[in-house]
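# Structural description and commentary
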Amino acid sequence: MTNAPRPYESYVYAYPHKTAYRPLADRPALRELWAGERKDALSLYLHIPFCEVRCGFCNLFTRIGAPDELTTRYLDALDRQATAVADALHARAATGVRFAAAAFGGGTPTFLDAGELERLCDIAEKRMGADLRAVPLSVETSPSTATADRLSVLAERGATRVSIGVQSFVEEEAKAAVRPQRRSDVEAALGRIRDARIPVLNIDLIYGIDGQTPESWRLSLDAALAWRPEELYLYPLYARPLTPLGRRAHPSEAGWDAQRLDLYRRGRDHLLAQGYEQVSMRMFRRSGAPREGAEDYACQTDGMIGLGCGARSYTSDLHYSFDYAVGMREIRSIIDAYTTTEDFSRAEVGRAVDADEARRRHLLQSLLQAEGMAVEGYRERFGSRPADDFPAELDRFADLGWLDTAAGPGLLRLSPTGLAYSDALGPALFSPAVRAAMASYEAK
């Protein structure tokens, strides 16, 4: 086996990444973009870019607080955008427009109060036509905003999954991750979520925090397991540019990589022993738990409608959004511009997805799932086989021991080592053009 690369290059949750997006010179009309698309099983994502605190590791598009009735103005703009998008979807729809899944993310959607969450649901239902009580609805929350009144609204409006970012049950570790919180507050929030009887509880935990040990990692795992969550996500800590942790000194790359890889394996093995199945490198599902939330990948066949200034939308040949930033001043400026926008009928920022990029996206998002990818499904969609399109990449993955040799010729599946190295494997499938665009992006 050849020498393996570093295991933690980047987390691939979408491809191409938004740092590869650029302003669209032609600003295409949404009704033209969606005219020829299938609209019978769309995903709907509403983005709320507000948090009560900015975690040290966070590079998401979000700001701290919302002064001067900013949430009201943001929801007003979201309503205007939803109206424009719905008009575009229905303009040339040969068949009915239907949403098969919905999610509220951020930021922290439950930063909104109960009345504002009602309005958010109304936008999804009355403007977009999504039946939130009939499809999976996933909502992100935090310990301080998972209040009983907010959770009651979500449960009544059809939420099937709540994901809470705990990160660590050890208060010193939470502080080190610039996520100060008391364990008692975390436990109280988990109790309120269970009282709301939303079918799926997901708990996010992070490994690789400064000062974290195998013993303290096990403590957090067991504290989470005490709630019998239907899902657990285990995230490696990253120190990204322009984040609070990104401005600090860090241990040597080799030492930090070894620590994170060791804690990942310990966490994986402990969850498997406790009756959880591994869905991806990060996602673990309790055996027999309902599958009421979105899986750990974006749909490979596109069809995503994103509302809000941090949300992406996907057609089969264009991914588009608004401007992207990590720095707080730039984020505030983008949010302010969004709230004053009147015309949402055109795509402003994005990236075209040609046949090669579509193949790459399908392969990497399928291969990063523990169940693997059926070769025949790929051939049916693209008329070729993965080994024909990506011989060098797949040969390298095999040499590294990342592919499961027992999977058989009809299935591409990662080995346990391959899953552990998902954050190296995913970026290895990026096209040269996307790599160049990401490298030339000026962080702001």
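One structure accompanies this document, and this report is about it. (Residues numbered from 1 in each chain as written. Predicted model: local features only at pLDDT ≥ 70, side-chain atom pairs only at ≥ 80, totals over all residues. Heavy atoms only, no water.)

### Quick word on the overall build of the protein chain
Keep this limit in mind: A run of H or I in DSSP counts as a helix once it spans at least four residues, and a run of E counts as a strand once it spans at least two, with each numbered from the N terminus. What the globule rule says is 2.2 Å times the number of residues to the power 0.38, and the radius of gyration is computed from C-alpha atoms. When a residue's accessible area, from a 1.4 Å probe over protein chains only, is under 20% of the maximum for its type it is buried; when over 50% it is exposed; and in between it is partly exposed. Working definition of accessibility: Shrake-Rupley area with a 1.4 Å probe, residue cover restricted to the visible protein chains. Charged-residue counts in this description rest on Lys and Arg as positive and Asp and Glu as negative, His and the chain ends being excluded. The location of each charge is read from NZ of Lys, CZ of Arg, CG of Asp or CD of Glu.
Each helix and strand counted, the protein chain has 16 helices and 17 strands in total. Radius of gyration (C-alpha) of the protein chain: 21 Å, near the 22 Å computed for a compact globule of 444 residues. Relative to its 444 residues, the protein chain shows a buried fraction of 57%. For the protein chain, the exposed surface amounts to about 18200 Å²; the carbon and sulfur share of it is 50%. If you average the places of the 55 positive and of the 62 negative side-chain charges in the protein chain, the two averages end up 1 Å apart.

### Some thoughts on the pairing of strand E6 (residues 137-141)
Regular strands have side chains that alternate between both faces of the sheet. As a reminder, the rule being used: Here the term right-handed applies to a crossover when the path leading from its first strand over the helix to its second strand runs clockwise, the strands being oriented away from the viewer. At least two bridges found by DSSP between two strands are what make those strands a pair.
By the criterion of burial, E6 is predominantly enclosed, with 4 of the 5 residues buried. As a crossover connection, the stretch from strand E5 (residues 99-106) through helix H3 (residues 114-127) into E6 is right-handed. By the bridge criterion, 4 bridges tie E6 to strand E7 (residues 161-167) in an arrangement that is parallel. Within the sheet, the bridge partner assigned to Val139 lies in E7 and is Val162.

### Regarding the nonpolar core
Applied cut-off: We define the nonpolar core as a collection of buried residues of types Ala, Val, Leu, Ile, Met, Phe, Trp, Tyr and Cys that are connected through side-chain atoms lying within 4.5 Å of one another.
Grouped together as the largest cluster of nonpolar side chains are 115 residues, with contacts concentrated most on Leu44, Met128, Leu205 and Ile305. Ranked by the residues each element gives to this core, the list is headed by helix H2 (residues 70-91), at 11 residues.

### Some remarks on unusual backbone geometry
For the bond running from Tyr15 to Pro16, omega is -5°, close enough to zero to count as cis. Mapped onto the fold, Pro16 is located in the segment before strand E1 (22-23). Residues Gly106 and Gly107 are joined by a peptide bond in cis, for which omega reads 20°. In this structure, Arg228 takes a positive phi of about 50° despite not being glycine.

### Overview of the packing of aromatic side chains
Quick note on the threshold: We call Phe, Tyr and Trp rings a pair once their centres come within 6.5 Å, taking the six-membered ring for Trp, and we label the pair stacked below 30 degrees between planes, edge-to-face above 60, and tilted otherwise. Think of it as a cone above the ring: NZ of Lys or CZ of Arg counts as a charge over the ring if it is within 6 Å of the ring centre and within 35 degrees of the ring normal.
All told, the structure shown has 17 aromatic pairs when counted by the stated rule. Taken together, a centroid distance of 5.1 Å and an interplanar angle of 35° make the contact between Tyr15 and Phe430 tilted. Taken as a pair, Tyr15 in the segment before E1 and Phe430 in the loop between helix H15 (422-428) and helix H16 (432-440) lie far apart in primary sequence, 415 residues in all. Classification of Phe430 by relative accessible area gives buried; the value is 8%. What links up through ring pairs into an aromatic cluster is the set Phe50, Tyr74, Phe111, Phe322, Tyr338 and Phe344. Of note, Arg260 hangs over the ring of Tyr238, and the distance from its end group to the ring centre comes to 5.8 Å.

### Some thoughts on the pairing of strand E12 (residues 304-307)
The side-chain alternation of E12 yields two buried faces, one formed by Met304 and Gly306 and the other by Ile305 and Leu307. Inspection of the sheet shows strand E2 (residues 42-48) paired to E12 by 4 bridges, in the parallel sense. Residue pairing across strands places Leu44 opposite Ile305, the latter belonging to E12.

### A closer look at the environment of Glu393
How we decide: For this analysis, residues touch if any pair of their heavy atoms sits within 4.5 Å.
You can see Glu393 is positioned in helix H13 (residues 391-399). Separated by 329 residues in the primary sequence, Glu393 and Ile64 place their C-alpha atoms 41 Å from one another. Glu393 has contacts with Arg360, Ala428 and Leu429, leaving out every residue within four places of it along the chain.

### With respect to the packing of H3 against helix H4 (residues 148-156)
What counts is decided by this rule: Fitting a line to C-alpha atoms yields each axis, with helices limited to the stretch in contact; the angle taken between N-to-C directions then spans 0 to 180 degrees. Note on angle classes: values under 35 degrees are labelled roughly parallel, values over 145 roughly antiparallel, values of 65 to 115 roughly perpendicular, and the remainder oblique. By definition, any crossing whose near helix is turned counterclockwise from its far helix by less than a right angle is left-handed, and any crossing with a clockwise turn is right-handed. Charged means Asp, Glu, Lys or Arg here, nonpolar means Ala, Val, Leu, Ile, Met, Phe, Trp, Tyr, Cys or Pro, and polar covers whatever is left, Gly included.
It is the contact of H3 with H4, at a shortest axis distance of 9 Å, that shows an interaxial angle of 20°. In terms of axis orientation, H3 runs roughly parallel to H4. Crossing hand, H3 versus H4: right-handed. Within the contact between the two elements, H3 uses Ala114, Leu117 and Glu118 and H4 uses Asp149, Arg150, Val153 and Leu154. For the contact of H3 with H4, the class distribution of residues is 4 nonpolar, no polar and 3 charged.

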